[in-house]
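Descriptive analysis of the structure
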Amino acid sequence: MSDEFWDNRRSERLRITCFARCRTPAGEDRDVVIVNITLEGCCLRIKPGVLRSGHHILIRLESGEALTGVIRWTRADQAGVLFDEYLDRRRLDYLRREHSTFLAASPWPDSGTERPAC
């Protein structure tokens, strides 16, 4: 992906570690970890091959709150989700306070540029 893609994000990604459950299109519930989140979507870590671009999913947070969205991309054990509705800013702030992580950036797989994991 080009740097232009990263520069055109609508809002800042917040690095978090939030355990959740994901209902797949096949009706299975899978454990996932939300590794970053924005008002518009999030990046999940999930067993490879479970999700495909275009799949509509439901994510259930530990609090019981449900988020719905569509898978925009997958790569190995990662999937990018575009939420059906933007997160409320107060909810995003709560998730940042409760689940923030301060891990160092990891190398982006296709280049020598340092990028976050998702």
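Some remarks on the sheet that holds strand β4 (residues 56-61)
Strand order in this closed barrel of six strands is β1-β2-β3-β6-β5-β4, and the pairing throughout is antiparallel. The sheet shows a mean angle of 45° between the axes of neighbouring strands, direction not considered. Across five bridges, strand β3 (residues 41-45) lies against strand β6 (residues 78-83) in antiparallel orientation. Directly across from L44, in β6, lies its bridge partner A79. Across the sheet, helix α2 (residues 89-99) is in contact with β1 (14-23), β2 (29-37) and β4; its angle to β1 comes to roughly 105°.

Observations concerning the pairing of β2
Of the strand pairs in this sheet, β1 and β2 are connected by eight bridges, and their pairing is antiparallel. Looking across to β2, one finds that F19 is bridged to V33. With antiparallel pairing between neighbouring strands as the criterion, β1 and β2 make up a hairpin whose turn holds five residues, including G27 at a positive phi of roughly 85°. Where β2 and β3 come together, four bridges link them in antiparallel fashion. Of the residues in β3, the one forming a bridge with I34 is L44. Connecting β2 to the next strand, β3, in antiparallel fashion are three residues.

Cut-offs and rules
- Residues numbered from 1 in each chain as written.
- Predicted model: local features only at pLDDT ≥ 70, side-chain atom pairs only at ≥ 80, totals over all residues.
- Heavy atoms only, no water.
- Pairing = 2+ DSSP bridges.
- Helix = DSSP H or I, 4+ residues; strand = E, 2+ residues; numbered from the N terminus.
- Axes fitted to C-alpha atoms, helices over the stretch in contact; angles between N-to-C directions.
- Contact = heavy atoms within 4.5 Å.

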